Amino acid sequence: MSGLLKKDFHSRFFQPPMTLQDKVVLPSRGSYTITLQLAAVMCCVTVCGGTPDPSQRETMLHQEDPRQTGGRVQLTGAEQQLDTHFHKLKEQEMAVAQFPPAIHFFKARRHIHRSPIFSLLQIMPKGAALHIHSLSLVSVDWLVKNITYRPHCYICFTWGRSVRFVFSTWDCLYWQLLKTLRANMAYPTDFDYSLMQNLTLSTDDPNNTNPSQDAVWERFEMAFVAIAGLVSYAPVFKDFLYKGLEQLFHDNIMYLELRTELSRVSTVGLNRNIHDKAWSLRTYQEGTHQFVAEHPGFLGAQLIISVPRVLSVSDVKAAVKEAIQMQKDFPEFVAGFDLVRILLRGRTMFFCGFRLASSLPAELGVTLPYFFHAGETDHEGTEVDENILDALLFNTTRIGHGRDNGYALAHHPLAKELSMKDNVAVEVCPISNQVLKLVSNLRNHPAAVLMSEGYPMVVSSDDPSLFGTTERSYDFYEVFVGIGGLRANLGTLKELAINSIRYSSLPSQLKERGLAMWQRMWDKFISENS
C-alpha cells in the first residue's frame, strides 16, 4: 500500500496507530493518557501507602481501552446504539450455564445457532476470508447429496474404517458404484449420513471419539483424502469452486484467499485424461471471474500455492520454482506460497529444506510473497515451536496459524514485538484450534492477549467443512464472545472486518475499492440494525 493510500486508510477508519514507543512513553495522548501528575500520585501511593482516588482507576481503565483491538475505531451515533445492544446481548449469553465458547464447538454449535448475536454476525459484512484450504471450502452436505449422486461415482471402504471415492467408467475391483449400492438399500438417507461422517470431524462425543491430537489429526487427514477423490474430477472441480464462493457470499464474505496444493484433475473415460496444474489454475480463475460477473458484491479470489513441508530439499526448490512460474502466468490470481501440513512434530522450516529454496525468487529477480503456517503447536520449547521465528526470518506476509493462533507468539516475546512492529498480521482460526485440541475453552485462547494489545489479526475458518460448517460467522462469534470477552465491542468487529481487506494480497487500488464496497455494506447493516 502506498504511503498516500495508507495515510488515507488510517484517517478514514482509525485514530493514529499506537506504536511500541507509544506504549512505553506516557506523556500526552489526549483524554486517555495518564498524565505526569497522575504518575506522580501513583508513585506516592506505592511508596507512602496512601489511598488512590477512584478517578485514578477510571483513568487507568480508559488508558487500556484504546490499546485493544477496535479500541481506536471511532463509532458513529448509530454504531454506538448497536454496540449497546450487542453489549446487552453478550451479558445475557455470558450468564448462561453452558457458555458456548467454553465448551467444544460440536456441542456448542446448536447453542450458537440460536444466539441473537450470531444472527447479527451472519448478516454483518465481514470482509475477506484469508485462510481457507481448498478441499474444505464446500459443505459435506452438498458433496454427499449432490456429487455422490452423479453418474460413474464409485466408493471403496478401507480397512481403516474410512472411504475413498473415484469417478470412472471402469468396472473397478473392490469399488462399488454408488447408484447400484443405494438402489439395494432400504434407508439410503442413513447411508448418506454415514458418508458425511467420513468427510467431517463432527461428532456428538468429540472427547472420546478423538481422545488425542494424534487421533484427531488421523481423522482429519483421512477426511481430506476422501474429499479429494470427489473434487479431483473435472466437472465436480468447476462446480465445487462456484458452490464454495456462493456459500461464502451468502455469509457476507466479499473476497477469498484460498490455500491449495493444486492436485491433478481427471476426466471420466477409458483414457482417463489427466489435466495439469495450469488447467486447474485456469479453471479457478475462470470460475472466479464468472462468479464475480454474476455477483457484483463479490470482489474476487486469489490462490496461495501450498506444498507439504515434509518434501525433500530438491522437491521444495522445484515447488518454489513452480510457484514462481504460476505467478508469472497468472499474475493477478496467484498471491504467493506456503508450506503446510501437520506441525505437531518434525523439523522447522529453517531445516526442512526451505532455507535453501527461499532465495530463489531474489536470484531470479522476482517477488514471491510467503504466507507461512508457523508455530502450530502447544509444545513449547520444541523445534516446531520455533517456526514462528523462521516465518519472520523468511519475511512472511502474514502468520498463517491455521490451528493455534497465538501459542508460539505468546512464547516468543521478541517474535511478537518484531511482527507487531512490522505489521505482520496473524490469522486466527479459533474453531480449528479447539477441534484440533490446542485449546479446550476458547476464553483461554492465547489470542485474547494479542487482542488486548491490539496485535494485527484477521479471523478465518481454516477447514470449515471438516468442522461441520462453511460459515465464517461461527469463528467471528467465538472471537467476539469468547476470546474478546465483554470488552470486545462493535469497534472490535469493525476493525477485524477492515483488517481482512487491509492485510489481504489485493493491490492498493483494489483494496481501496474493496474498502469502499465494504463501507457501503457496513453502513446498510448499521442503519437496518441500530
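Everything here concerns the structure above.
Residues numbered from 1 in each chain as written. Predicted model: local features only at pLDDT ≥ 70, side-chain atom pairs only at ≥ 80, totals over all residues. Heavy atoms only, no water.

Caption draft 1: Molecular detail of the overall build of the protein. Looking only at helices and strands, one finds 25 helices and 13 strands in the protein. Per-residue burial for the protein yields a buried fraction of 54% across its 530 residues. Sequence-distant contacts, at least 24 apart, represent 79% of the contacts inside the protein between residues at least 6 apart. Summed over all atoms, the accessible surface of the protein reaches about 23,400 Å², with 54% contributed by carbon and sulfur. (Helix = DSSP H or I, 4+ residues; strand = E, 2+ residues; numbered from the N terminus. Buried < 20%, exposed > 50% of the residue type's maximum accessible area, 1.4 Å probe, protein only. Contact = heavy atoms within 4.5 Å. Areas by Shrake-Rupley, 256 points an atom, 1.4 Å probe, with all protein chains shown as cover.)

Caption draft 2: Local environment of the pattern of salt bridges. Going through the model one piece at a time under the given rule, you end up with 16 salt bridges. R487 is the partner of D65 in a salt bridge, and the nearest nitrogen-oxygen pair spans 3.3 Å. Taken together, the positions of D65 in the loop between α4 (54–64) and α5 (77–94) and R487 in the loop between α23 (473–483) and α24 (490–502) put the pair 422 residues apart, joining distant regions of the chain. For K277, the salt bridge goes to E322, with nearest N and O atoms at 3.2 Å. Here K277, found in helix α14 (residues 277–294), pairs with E322, found in helix α15 (residues 313–329); they are 45 residues apart in sequence, far enough to count as distant. Its relative accessible area of 23% is what places K277 among the partly exposed residues. Members of the salt-bridge network, linked through shared partners, are E257, R259, D338, R398 and E427. (Salt bridge = Lys/Arg side-chain N within 4 Å of Asp/Glu carboxyl O.)

Caption draft 3: How the structure looks around the packing of aromatic side chains. Enumeration according to the criterion identifies 18 aromatic pairs in this entry. Taken together, a centroid distance of 4.4 Å and an interplanar angle of 35° make the contact between F118 and Y474 tilted. Of this pair, F118 sits in helix α7 (residues 116–123) while Y474 sits in helix α23, and the two are 356 residues apart along the sequence. With relative accessibility at 0%, the residue F118 sits in the buried group. (Phe/Tyr/Trp six-rings, centres within 6.5 Å; stacked < 30°, edge-to-face > 60°.)

Caption draft 4: Inspection of the side chain of H373 at higher detail. Looking at where H373 falls in the secondary structure, it is placed in the loop between β10 (370–372) and α18 (387–393). At a separation of 3.3 Å, a polar atom in the side chain of H373 contacts the side chain of H131. Engagement of the side chain of H373 in a polar contact is seen with the side chain of D338, the distance being 2.5 Å. (Polar contact = N/O pair within 3.5 Å; in protein donor to acceptor, adjacent residues only side chain to side chain.)

Caption draft 5: Spotlight on the nonpolar core. Counting residues in each nonpolar core, the largest one holds 137 residues, and the members touching the most others are F165 and F337. Looking at this core element by element, the count peaks at nine residues for helix α12 (residues 213–231). The residues contacting F337, other than those within four sequence positions of it, are I304, I305, V307, A319, V320, A323, F354, L368, P369, Y370, F371 and F372. (Core = buried A, V, L, I, M, F, W, Y, C linked by side-chain atoms within 4.5 Å.)

Caption draft 6: Quick peek at unusual backbone geometry. One non-glycine residue, N252, lies in positive phi territory at about 65°. By the element assignment, N252 lies in the loop between α13 (234–250) and β5 (253–260). One non-glycine residue with positive phi stands out, namely N423, at about 60°. Here N423 lies in the loop between α20 (413–421) and β12 (425–428).

Caption draft 7: Structural view of α24. The first and last C-alpha atoms of α24 sit 18 Å apart over 13 residues, in line with the 18 Å expected at 1.5 Å per residue. Capping of α24 at its N-terminal end is provided by N489; its side-chain oxygen lies 3.0 Å from the backbone amide nitrogen of G491. (Expected span 1.5 Å × (residues − 1).)

Caption draft 8: Looking closely at the sheet that holds strand β2 (residues 153–157). Within the open sheet, the three strands sit side by side as β3-β2-β4. Their pairing is antiparallel. A strand with exactly one partner marks an edge of an open sheet, and here the two such strands are β3 (163–167) and β4 (176–177). One ladder, built from two bridges, connects β2 with β4; its direction is antiparallel. Directly across from Y154, in β4, lies its bridge partner L177. This element, α12, spans β2 and β3 of the sheet and lies at about 15° to β3. (Pairing = 2+ DSSP bridges. Axes fitted to C-alpha atoms, helices over the stretch in contact; angles between N-to-C directions.)

Caption draft 9: View of the pairing of strand β11 (residues 396–399). As judged from the three bridges shared by β10 and β11, these two strands associate in the parallel manner. Its bridge partner lying in β11, Y370 is registered against T396.

Caption draft 10: Focus on the packing of helix α6 (residues 105–113) against α23. Two elements in contact, α6 and α23, have axes whose closest approach is 11 Å; the angle formed by their N-to-C orientations is 95°. One element, α6, and the other, α23, form an angle in the roughly perpendicular class. Where α6 approaches α23, its residues F105, R109, I112 and H113 are matched on the opposing element by Y474, Y477 and E478. Grouping the constituent residues of the contact of α6 with α23 by class yields four nonpolar, one polar and two charged. (Parallel < 35°, antiparallel > 145°, perpendicular 65-115°, else oblique. Nonpolar A, V, L, I, M, F, W, Y, C, P; charged D, E, K, R; others polar.)

Caption draft 11: Focus on the pairing of β12. Residues A425 and E427 point to one face of β12 and V426 and V428 to the other, with burial holding for every one of them. Looking at chain direction, β11 and β12 are connected through two bridges and run parallel. Bridge pairing in β12 places I399 opposite V426. Relative to strand β13 (residues 457–459), β12 is paired through three bridges, and the arrangement is parallel. Bridging from a neighbouring strand, V426 pairs with M457 of β13.

Caption draft 12: Spotlight on α13. Spanning 17 residues, α13 covers 25 Å between terminal C-alpha atoms, matching the ideal 24 Å at 1.5 Å per step. Taken together, the buried positions of α13 are A234, V236, F237, F240, L241, G244, L245, Q247 and L248. Projected down its long axis, α13 shows its buried positions confined to an angular sector of 165°, all on one face. (Arc of directions from axis to C-beta.)

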